[in-house]
Amino acid sequence: MNQAATVEKDTLWGRDFILVCVNDFLAFFSVYLIIPVLPLFLEEEMGYSNFLIGALMSMMVVAALLRPFLGSISDIRGRKAILVWGTFILGGSTFLYVAFSTALPLFVVRFLNGIGLAAFHTAAYALVGDLVPQSRRLHGIAIFFISVDAAIGLAPIVAEEIRVSWGYNAVYIIAGIVAMLAFL
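Residues numbered from 1 in each chain as written. Predicted model: local features only at pLDDT ≥ 70, side-chain atom pairs only at ≥ 80, totals over all residues. Heavy atoms only, no water.

Draft legend 1. Seen up close, the packing of helix H7 (residues 79-94) against helix H8 (residues 103-131). Close contact between H7 and H8 brings their axes to 7 Å; oriented N to C, the two are set at 150°. In this view, H7 runs roughly antiparallel relative to H8, as classed from their interaxial angle. Judged by the twist between their axes, the crossing of H7 over H8 is left-handed. Among the residues making up the contact of H7 with H8, the classes are represented as 15 nonpolar, six polar and two charged. (Axes fitted to C-alpha atoms, helices over the stretch in contact; angles between N-to-C directions. Helix = DSSP H or I, 4+ residues; strand = E, 2+ residues; numbered from the N terminus. Parallel < 35°, antiparallel > 145°, perpendicular 65-115°, else oblique. Left-handed = near helix turned anticlockwise from the far one by under 90°. Nonpolar A, V, L, I, M, F, W, Y, C, P; charged D, E, K, R; others polar.)

Draft legend 2. Just the packing of aromatic side chains, in detail. Applying the stated criterion across every chain, the model contains ten aromatic pairs. The interplanar angle of 90° and the centroid separation of 5.8 Å between the aromatic rings of Phe41 and Phe100 together place this pair among those described as edge-to-face. Highlighted residues: Phe41 in helix H3 (residues 38-44) and Phe100 in the loop between H7 and H8, separated in sequence by 59 residues. Per residue, the accessibility class of Phe41 equals that of Phe100, and both read buried. The interplanar angle of 75° and the centroid separation of 5.4 Å between the aromatic rings of Phe144 and Phe145 together place this pair among those described as edge-to-face. (Phe/Tyr/Trp six-rings, centres within 6.5 Å; stacked < 30°, edge-to-face > 60°. Buried < 20%, exposed > 50% of the residue type's maximum accessible area, 1.4 Å probe, protein only.)

Draft legend 3. Up close: the side chain of His121. With respect to the helices and strands, His121 occurs in helix H8. Here Arg67 takes part through its side chain, which lies 2.8 Å from a polar atom of the side chain of His121. Contacts of His121, omitting those with residues within four sequence positions, involve Asp24, Phe28, Arg67, Phe144, Phe145 and Val148. (Polar contact = N/O pair within 3.5 Å; in protein donor to acceptor, adjacent residues only side chain to side chain. Contact = heavy atoms within 4.5 Å.)

Draft legend 4. View of helix H4 (residues 50-57). Inspection of H4 places Ile53, Ala55, Leu56 and Met57 among the buried residues, and these make up the whole buried set. Residues of H4 that are buried sit in contact with H3, helix H5 (59-64) and H8.

Draft legend 5. Looking closely at the side chain of Ser30. Tracing the chain through its elements places Ser30 in helix H2 (residues 15-34). In this structure the side chain of Ser30 is engaged in a polar contact, spanning 2.7 Å, whose partner is the backbone oxygen of Ala175. Discounting chain neighbours no more than four positions away, the residues touching Ser30 are Thr94, Ala175, Gly176, Val178 and Ala179.

Draft legend 6. A look at empty space enclosed by the protein. All chains considered together, the criterion is met by one cavity of 30 Å³ or more. Put simply, the largest cavity is a space of about 30 Å³. Around the largest cavity sit Ser30, Val31, Ile34, Leu90, Thr94, Tyr97, Arg110 and Asn113, which together line it. Counting residues per element, the ones that place at least two in the lining of the largest cavity are H2, H7 and H8. (1 Å grid on protein atoms, 1.4 Å probe; cavity = no way out; pocket = protein on both sides within 12 Å on 5 of 7 lines; lining within 4 Å. Points joined across faces, edges and corners; volume = space filled by probe spheres on them.)

So, to be careful, I would describe these as geometric facts and stop short of saying anything about function.
Written out as structure tokens, the structure reads:
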């Protein structure tokens, strides 16, 4: 095999890999816009107890327990379909934060957010494994996870600025827009 063919085969930075990393950043940015401000909203605006706030916040984790099932579906139906479906559910359900007035609908919204994130991220992780050349697998996975880390580091700062400047609903709407950008 000549050197040019080897370089092409070992290329990490293909269009699809970059798109998955950008998609991952946007989806997690959306989620981490909400995570730091939602407990404040629930306590300050709704007057909920710490127990109820903790239960509501944990609904995304409950949904994440379905990841093995979603991974099986991803293997059967294809990674891209589950990735697109997951980001659509994540984005669409994020807009619902502005519509709730009691805890019960918020449990559903948080669960839908969790299903969307679990479906998206499970498929995205598998897709990265498919896209990255074997010789660059650890490098590719590390870059993929940096997209999550960057979102976790930046989104809470942005969320607080949005909350202080425009209020809680603006945070939820912007988070929904960001998640829908990931969908697109």
